[in-house]
Structure formats: C-alpha cells, structure tokens
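# Breakdown of the fold
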Amino acid sequence: MKAYLFCIALLLGVAQPAAQAEVFERTLANGLKVIVKEDRRAPVVVQQIWYKAGSMDERTGVTGIAHVLEHLMFKGTHTVPAGEFSKRISAAGGRENAFTSYDYTAYFQQLHKSKLPLAMELEADRMRNLNLTAADFAKEIKVVMEERRLRTDDEAHGLLNEKMMATIYQQHPYQHPVIGWMNDLESLTVGDAQAWYRRWYAPNNATLVIAGDVKADEVFALAQRHYGAIPRRALPPQRVFIEPKQAGIKRMVVKAPAELPHLVMSYHAPTLQDPAQDWKPYALQILAGVLDGNESARLNKHLVREQQVASGAGAGYDATSRGPSLFTLEATPSEGRTVDEVEAALRGEIARLVKDGVSVEELQRVKAQVVAGEVYKRDSLFYQAMQIGQMESIGLTHRAIPVMLEKLQAVTAEQVRQVAEETLQDDSLTVAVLDPQPLSGKPKAPQGVSHAR
Amino acid sequence: MLVKSLLIAASCCVAAAALATPNIQHWQSASGAKVLFVENHDIPMLDVSVSLPAGSSFDAADKSGVAGLTHHLLDLGAEGLSEDDIARGMADIGAQFGGSFDPDRASMSLRTLSNAAERDKALDIMARVLQRPLFPEAILAREKARVIAALKEAETKPESIADKAFQKAVYGAHPYALPVSGEIASVEKITVQDLSNFYRAHYRAGGAVVAIMGDVTRAQAEAIAQQLTEKLPSADAPTALPGVAMHIPASEQRIAHPASQSHILVGAPGMARNDPDYFPLYVGNHILGGGGFVSRLMNEVREKRGLAYSVYSYFMPLKQPGAFQLGLQTKKEQADEALQLVRNTLAEFITKGPTEKELLAAKQNIIGGFPLRIDSNRKILDYLSIIGFYNLPLTYLDDFTRRVEQVNVAQIRDAFARHINPQAMATVIVGAPPASADKNGAAK
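Before going into details, it helps to say that this report is about the structure given with it.

Quick notes on the rules
- Residues numbered from 1 in each chain as written.
- Chains lettered and ligands numbered in written order.
- Predicted model: local features only at pLDDT ≥ 70, side-chain atom pairs only at ≥ 80, totals over all residues.
- Heavy atoms only, no water.
- Helix = DSSP H or I, 4+ residues; strand = E, 2+ residues; numbered from the N terminus.
- Rg over C-alpha atoms; globule rule 2.2 N^0.38 Å.
- Buried < 20%, exposed > 50% of the residue type's maximum accessible area, 1.4 Å probe, protein only.
- Contact = heavy atoms within 4.5 Å.
- Areas by Shrake-Rupley, 256 points an atom, 1.4 Å probe, with all protein chains shown as cover.
- Lys, Arg positive; Asp, Glu negative; His and termini not counted.
- Charge placed at Lys NZ, Arg CZ, Asp CG, Glu CD.
- Polar contact = N/O pair within 3.5 Å; in protein donor to acceptor, adjacent residues only side chain to side chain.
- Salt bridge = Lys/Arg side-chain N within 4 Å of Asp/Glu carboxyl O.
- Phe/Tyr/Trp six-rings, centres within 6.5 Å; stacked < 30°, edge-to-face > 60°.
- Lys NZ or Arg CZ within 6 Å of the ring centre and 35° of its normal.
- Buried area = accessible area lost by both parts, 1.4 Å probe.
- Nonpolar A, V, L, I, M, F, W, Y, C, P; charged D, E, K, R; others polar.
- Core = buried A, V, L, I, M, F, W, Y, C linked by side-chain atoms within 4.5 Å.
- Arc of directions from axis to C-beta.
- Pairing = 2+ DSSP bridges.
- Axes fitted to C-alpha atoms, helices over the stretch in contact; angles between N-to-C directions.

So, about the overall build of chain A. Scanning chain A from N- to C-terminus turns up 15 helices and 11 strands. In terms of overall dimensions, chain A is globule-like: its C-alpha atoms have a radius of gyration of 23 Å, near the 22 Å expected for 453 residues. With respect to the principal axes defined by its C-alpha atoms, chain A has extents near 60 × 60 × 50 Å. In chain A, which comprises 453 residues, the proportion classed as buried is 60%. For chain A, the share of sequence-separated contacts (at least 6 apart) that also reach a separation of at least 24 residues comes to 82%. When the accessible surface of chain A is split by element, carbon and sulfur atoms take 52% of a total near 16,600 Å². Distance between charge centroids for chain A: 4 Å, based on 52 positive and 54 negative side chains.

Structure follows, in structure tokens:
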C-alpha cells in the first residue's frame, strides 16, 4: 500500500483515435486542469490527482522527500484527523492509494459513482490543509525505512537497479532512488516535508483525472465547488537537467545475497518530445516489442529457447518521461552459463538487428498487439485514467495519445533497424552485473533448522 | 450495459444503493464440462478460461512439481504446433494467452479480439494446447532446468523461505504443504511419462470448468466450450485428497538470514471455500487485517508504531481448508516486539471479537465497494471461474451483499473461536533477530 512506482512503462498500447469513451477537459481559474473520461460500463468512478513533483525535483541531501510526503498526505488535515481520510473512503466502499515516481506523485480513489463528491472533498482538503506534525513524521519515516529495506536493501534486483541508475546518471537527478537514500531518510525532518508540500502542492501544479460513469459537466461543476477556491501559488521553476554526454562504456558489479547472477545493459535513449514529428521513440517502442513484446519475440526465442544460454531475458523502453530515457536489455544466465556469455548473446542479437533489420512479419506482429492492446485497455478504467494523468504530468497532453498510436502504426522496418544502430552504442552503455553471494554460511533451506513444537 | 440492474432492499445499517450483478448463464457441455457464461458486447473482445482440478495438491510427495510442469508445458508444443507456432500464432493476432496455477487449480486463459478471424484462430490454438499437448522431451529438460534455477533462487529469498517453512508447519504431510513448483530433488527426476500420466488422470472433461465472458452469443459460447473440452481425456475422478488436520501443535521456527528485516508469518489451517462460516470469517478478517489501512493490524503495527510497511492477515479459501495467515516484515532488531504485538492483537480479537462500530465500518466498505468487484470483464471472468470451480451457488454475486449484511459480532467471535486457536499456531521468522538466536529450539 502507498506504493511508489519506479516508473510506469507506458505499454506499447497507446490509444486509438476513435476511442469510444469521450474525454473532456477544462482548466479552473486557479490553474487546476480537470480531465474527464466518460465510461458507463459500470456504476463506478476513479479519481486521480497528479502533482507534477516527483523525486527528480528533489535536491541532494533530501532524497526521498517526495515519497515521504506522499505517505504523510494520509496523516490528516486541520479538519480531518489522522487516519480519518482512509476511514471515510473505506466507509464509502472505496479503495485508495498513492504512488510516487521520478516524475510525479499521484493519489487515487475508486468508488461507487455516488461517492465522487466525498472523494473530491477529501482530496481537495489535503491539497491545501495538510497538518504535518513531528510525531506523525517520526512514525511514518520509520514505515518508509521499512519499505526501503523490503524493496531495495534486501532485494538483490532492487539493489542492482538502484546502483545502476546511480552509475548511469552523473548529473541528472534520476541518479537518486525514488524512495531516497537511507542516510537521507535518517536525516529528513518534518520541516523538509512541510517545505516540499508548500512548494509543489498547488492546483496549478496538478491534474485531476476523473474516469467512470459520470457526466463531464457535472464533474466540472463538482471540481469547481471543491477545488475551485484553493488559491494558485507561485511555483518554483522546474530546473531542466541535461545529462552530460556519456563518453565510453561503464561497467559495474553489485554483490548481494542471491543464487543467480543477472546482467543489465542500459543505453541512453531519447524520449518523446514532439508526438507528431518525432519518429525515434516510436521506433524504439517497436524495437522493444520485437525483442520482448510477446512469447515469440527474439530474446525469449533465441536466448531462452534455442541457445538456452539464459533462463530469462527481456528488453524495455519507456518513451514518455520528464527526464531522459534508457533502452534496456537484461538476462539471467542458465545454470552453468556466465554473465559474459549472456552479454555476448545479447550483443549478438543487437548485431543481427543492425545488420539484417527486422522482418515484415515481426513488425506486423508487434503492431497487431498494439491494436489489440487498445481494445483490451477499455476493460480497465483505472489504466485509462493512468495513461491520461501520466501524459499530462510529464509535459505532454492526453491529446497526444491517439497521435502516438497512429505514429506507432507508421513505423517502418528500416526505422527500427536505424534506431537500433544509433541507440545501441557502447559509448552510451552501462553494463550492470549482479554477483550473487551465498547467505553467509547460514542454512539456505529451512530443512536444517530446528523445529520446536 | 455491463450489468443488469437488480434492486436489493436497503438494509438497516448499510444503505445499499441499487446493486447490479451480471446475468450468469450456466450449462453442462456435451463433453461433461461445466460452463459459466456472461454475454456482453460492450467491448469487441472475448475472455475465456478453462480450469481443472489439477493443482499442486494432486502431486505425489516424491514427484512434487509434476502438476506444475504439466500445466507449464501445455503451451510448449501440441499436436501440429511447435512451441513457436503457438507463441507466434497468438502474437500475430494480438491474443493474450496465459494461465494460473495454485494448490487446487490449473487454469489456462485467453483474451482475444472477438472478430471471427482472430477469435477462431486463438480458440483453435487453445483447443489443441489443452487437449493435445505433446510434452516434448527436449523442452521438458530445458524447462526443468529453468524451474530448478528459480527454486534455487527462491531458497535465497526470505519471503520464499518463510512461505515454504510455513506451509510445511501448517500442513505437515498433507499435499497443501507441497511447494507449487516442486522441490529441486523431485523436479530433477520428472519425466515426460510423469507429465503424460498426470495429464491423463487430471485433465478430465468432467472436472473442467469453462468460464466465458464477452462478445459472443450463447450459441457461440456453447460451441466454444465444447471445442475446448470435447477431446479432453476421459478418466475416472481421482480419489479425494486426505482431510486437513485442523488442529496443529504450536511451533516456532527461527531461520537465520542476512537480510536486514525479519519476515514473520503466523497461522494455521483456516477455512475451505464452501465453509458455512465463510462470511463471518471473511468480514471478521477484514476488520482484523484484510481491510487495508483501516484494519486493526495495520493500525497497531504501522499507523501507531511505524513497525512495518506491510502487515496483513487473510484466509486462503481452498477446496479444503486453506491457511489463515498473518504476516509482516520488520527490522530485525524489533522483530520480537512486532511479533508479540501481532500475537496480542490476534488474541484480543479472538477473545473479544470486533466492536459494533468496526463491524459497521467493514460492512460499509465491503458492501459499498461491491460494484468495484465486478466492474470489468476480467474480474467477472475470475468470479465465473471460482463459482464454477468451487460449486458456489450461481446466485453468489446476487447474494453477496446480503450475506455480508447478515453477519453479526457474535457470529464473528464464534466463527473465529471455532477456527483459530492462537495457542496452536505455526510461527516462522526468517532473518531472526540475533539477540534471540539462542532461543533456537525453545518452544514458545
């Protein structure tokens, strides 16, 4: 609960131009952008509020504060005591949570459509009236530390990813983990949380997404009633970081308790800036699909099934983020095989791509999944709202969603080959290896352990 | 419309809005399979799942892993189709083909566009995968190696170590103790013959439950159900599993691990899916540790003291009594404090039961949130499958809110007292705190 998301991959599936469900948008006088997606399949509604403030807006020494504040947002306001927010949503039959990423922080509730006014009232209240106390902070920071231990410190792949990001980025704040460095968590204060809240939690820094069995006009009126009186606030300029160009391959090793080694190859990659004009991010999405978009994709077929050099392999790319992106290949060697062998095998796939490109069938297969994914997406109200909120929060707009789908369909085989050649270059590569360590002589399995009765 | 309207009288405590449930059609296919179908044309897609009583509890102890590998290899080669034909065939039409596997059930599920071209192709592949799997020798060897690698990896993970030790402590020699993916030593020995034998014995049409949700007509659904099950093996129903010993001795295992947190599990055999106490136990557990941020455990452990990020309790309703389990992870140094706290919280709950106020809040959440349980094709498909597989009444969804509303404090106290004895529970602590390491072997 109160999960933070590392980064949510916008799936290959982007939106269909003629989406059946209608999207309406209005910006209140205080700058709050309200987007409504009408979908009457079930008598439910989801409210999501997205703040354009994520861990990338933190500064050295206070990493983790965006996520800590997310936790503290459940700790009460001047009129709604601590714990009451969750109790009222629960009593309304609702489900709720929140997540923090590098790029944004978002809060959501899912409820029967009749409960939307309650959810809005509560969410609007904590946009400006949060009551931060030292006592609540002291308890909640311990919870966050437990979360960090669970997800990162005791999790070999989480640790590998954290240290890899810190190696890949020299200057860009993506070098810091969303959950924050433990040492920073230990020194954060309620004052840091207060400052973060005052700086970023304002209607003109937020997007409200409402999806479900609602009428847009009624939602706009409701939003005006609950959020309309919250004053806009002067926002600090969001600093734009340009990561210095990498000038040669980086290699790193992380030792952690585990059985299997693991290898990740991360290449710097462009993100979507102009949805109508760009082509490379779309070609990279298709490339990721060719490598790992389905069971018959190249990495699984070649490395896992045919060569059996890997027990698992994957590729990933996120076209949409506020900061820079990565194109990532990863694999776990099969028993008796080494990380060097899986690296060689992954490099073999890259060489083949660059030399021979992709087949028409492969391209069509990936596009077929994009088209089908668009239809399947309609089964999840929550995901549709997510997609809108995410696009708005990274500096694009939900109106780009259908454009992106068209552009994805237009990618050519030669573009995929070309973007592979341009992107998958050693000079912009970081290779991260998990070097598994035994559990320090302790029994690995419970069999050897005394069992008291 | 996704749902049909069905007005249920507003109850005294919880004002129920107009609730709506899907119209479930039900029949037995000529093959003998049980079919549950909800027709819905809102989205041009189709979801289908086929479930069989072929989960890990049907494994023999010395062949643990056979059931899992049988299920796993279904789509890795079938009559006239190589594994790559299957994968490519589904990918070419954008179909999603998957499965799920647990102690009771082995399921295959398909999501496809409902156009005839895509639908027919996807169903043709699914039909062959389910009814004419080949279990190729070379692929079994490869997949065994992958399963073994994953099992070795799991043996280093505190959560996996804890889960395995917990199942063993709760179920002893009962097959619910068997790890769903098997043991390294038993998987190594598995042969193609083992898979074929298991398949013939357990993938019977008579045991199959077909759930169909989406954009097809009743006539099409009938044909689909028959197509997916008519060539399943015909065999006699296997002998029923032995019963679960409901009363276990108190035990505590402390297992060393270098992790910074201790992973703690406490529990015992809990309840079966068809237990008459299902609703009192479900609602009671919602109050104790199933209701998210507002549950007692969450309040005591996380909100008041900051001892853990996640703390929960649940009943795992299976054919036979699945586990009642309570869990958390916390910094080693405070593991004993946290363990004592959850034990006290549980003991107090069992002695005194919930308050009227807590019960009202839980009912409000469960009843008020009922529409969220059936707001997508995916969720409805899962309900169809469960209703069919566990022989729940077809009116299960219609009755759900009323059954919840009828629960009272005395029933919860009574049901918990009869099912859960806090003095006779299994406790597992992986990454046990160093200060307590010398307690190893001492009964608590």
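There is more to say, and it comes next.
Right, let's get into the environment of E341(A). All names here are of chain A. Take E341: it is sitting in helix 11 (residues 339–356). You can call E341 partly exposed: its relative accessible area is 31%. As for E341 and A310, which are separated by 31 residues in sequence, their C-alpha atoms are 8.9 Å apart. If we ignore the near neighbours within four places in the chain, the residues touching E341 are V309 and G336. There is a polar contact of 3.0 Å between the side chain of E341 and the side chain of R337.

Per the counting criterion, the structure on display carries 62 salt bridges over all chains. The salt bridge involving E146(A) is made with R149(A); its shortest N-O contact spans 3.2 Å. On the criterion of helical spacing, the pair formed by E146(A) and R149(A) is a turn pair, its members being 3 residues apart in helix 4 (residues 134–153). Exposure remark for R149(A): the relative accessible area of 10% places this residue in the buried category. Across the pair D426(A) and R347(A) runs a salt bridge, and its minimum N-O distance is 2.9 Å. A residue pair is termed long-range when its members are at least 10 positions apart, and D426(A) in the loop between helix 15 (413–423) and strand 11 (429–437) and R347(A) in helix 11 qualify at 79 residues. On the accessibility criterion, R347(A) (26% relative accessible area) is partly exposed. Overlapping salt bridges, with partners in common, bring together E295(A), R305(A), E83(B), R142(B), E143(B) and R146(B) in one network.

A few words on the packing of aromatic side chains. What the rule picks out here adds up to 32 aromatic pairs over all chains. Judged by centre distance (5.8 Å) and plane angle (40°), the ring pair of F74(A) and F293(B) falls under tilted. Placement of the pair is F74(A) in the loop between helix 1 (65–72) and helix 2 (84–91) and F293(B) in the loop between helix 9 (278–290) and helix 10 (296–303), with the two residues belonging to separate chains. Since its relative accessible area comes to 3%, F74(A) is described here as buried. Aromatic pair W27(B) and F37(B): ring centres 6.1 Å apart, planes at 75°, arrangement edge-to-face. Here W27(B), found in strand 3 (residues 25–28), pairs with F37(B), found in strand 4 (residues 34–39); they are 10 residues apart in sequence, far enough to count as distant. For the pair W27(B) and F37(B), one class covers both residues: buried. Counting every residue linked through ring pairs, the aromatic cluster contains Y51(A), F74(A), F85(A), Y107(A), Y197(A), Y201(A) and F293(B). Above the ring of F389(B), the side-chain terminus of R105(B) is found at 5.6 Å from the ring centroid.

What follows deals with the interface of chain A and chain B. One widely used convention gives an interface's size as the accessible area the parts lose upon coming together. Listed as interface residues are 70 residues of chain A and, on the opposing side, 81 residues of chain B. For the chain A and chain B pair, buried surface summed over both sides reaches about 6,600 Å², with 58% attributable to carbon and sulfur atoms. At the junction of chain A with chain B, the criterion picks out 7 salt bridges. At the junction of chain A and chain B, the tally comes to 27 residue pairs in polar contact (both at pLDDT 80 or more). Among the secondary structure elements, those contributing two or more residues to the side of chain A that touches chain B are helix 2, strand 4 (95–100), strand 5 (105–112), helix 4, helix 10 (298–306) and helix 12 (360–377) of chain A. No other element matches the 10 residues that helix 4 of chain A contributes to the side of chain A that touches chain B. Residues that form the side of chain A that touches chain B fall into these classes: 25 nonpolar, 17 polar and 28 charged.

Glancing now at the environment of D277(B). Residues and elements named next belong to chain B. If you trace the backbone, D277 turns up in the loop between strand 10 (261–271) and helix 9. Accessibility expressed as a relative area gives 11% for D277, which makes it buried. Each residue touching D277, except ones within four places of it in the same chain, is listed here: A415, R418 and H419.

Of all hydrophobic cores here, the largest spans 82 residues; its most connected members are F324(B), Y396(B) and F416(B). At 8 residues, the largest contribution of residues to this core is made by helix 11 (residues 335–352) of chain B. Judged by nonpolar contacts, the second largest core, of 66 residues, contains A315(A), A400(A), I401(A) and M404(A).

A few words on helix 7 (residues 190–200) of chain A. Residue and element names in this part refer to chain A. Within the span of helix 7, buried status applies to A193, W196, Y197 and W200. Take helix 7 and look down its axis: the buried residues cluster within an arc of 95°, on one side only. Among the structural elements, strand 3 (44–51), helix 1, helix 3 (116–128) and helix 4 are those in contact with the buried residues of helix 7.

This brings us to the sheet that holds strand 5 of chain A. Residue and element names in this part refer to chain A. If you walk across this open sheet you meet the 6 strands as 1-2-6-3-5-4, and the pairing is mixed. The strands lining the two open edges of the sheet, one partner per strand, are strand 1 (23–27) and strand 4. With strand direction ignored, the average angle separating the axes of adjacent strands in the sheet is 15°. Strand direction decides the pairing type here: strand 2 (residues 33–38) and strand 6 (residues 206–212), joined by 6 bridges, are parallel. Paired with K33 across the bridge in strand 6 is T207. Against the sheet, helix 13 (residues 381–393) makes contact with strand 1, strand 2, strand 3, strand 4, strand 5 and strand 6, and its axis sits at roughly 20° relative to strand 3, the strand it touches most.

Turning to the sheet that holds strand 11 (residues 311–315) of chain B, a few remarks are in order. Residues and elements named next belong to chain B. One open sheet holds the 5 strands; their spatial order is 9-13-10-12-11, and the pairing between them is mixed. A single partner strand is all that each edge strand has here, and the edge strands are strand 9 (251–255) and strand 11. Averaged over all pairs of adjacent strands, the angle between their axes in this sheet comes to 10°, without regard to strand direction. Relative to strand 12 (residues 322–331), strand 10 runs antiparallel, the two being bridged by 10 bridges. By the bridge assignment for strand 12, I264 is matched with L328. Most of the contacts of helix 5 (residues 158–171) go to strand 10, to which it runs at about 30°, and overall it touches strand 9, strand 10, strand 12 and strand 13 (426–430). Contacting strand 9, strand 10, strand 11, strand 12 and strand 13, helix 11 crosses the sheet at an angle of about 145° to strand 12.

Let us look at helix 10 of chain B. Most of helix 10 of chain B is tucked away, with 7 of its 8 residues classed as buried. Listing the buried residues of helix 10 of chain B in full gives R296(B), L297(B), M298(B), E300(B), V301(B), R302(B) and E303(B).

All names here are of chain B. Look at F135: it is not a glycine, yet its phi comes out positive at around 50°. When you line up the elements, F135 lands in the loop between helix 3 (116–131) and helix 4 (137–154). Non-glycine residue N391 carries a positive phi angle of around 55°. Residue position: N391 is located in the loop between helix 14 (377–389) and helix 15 (396–406).

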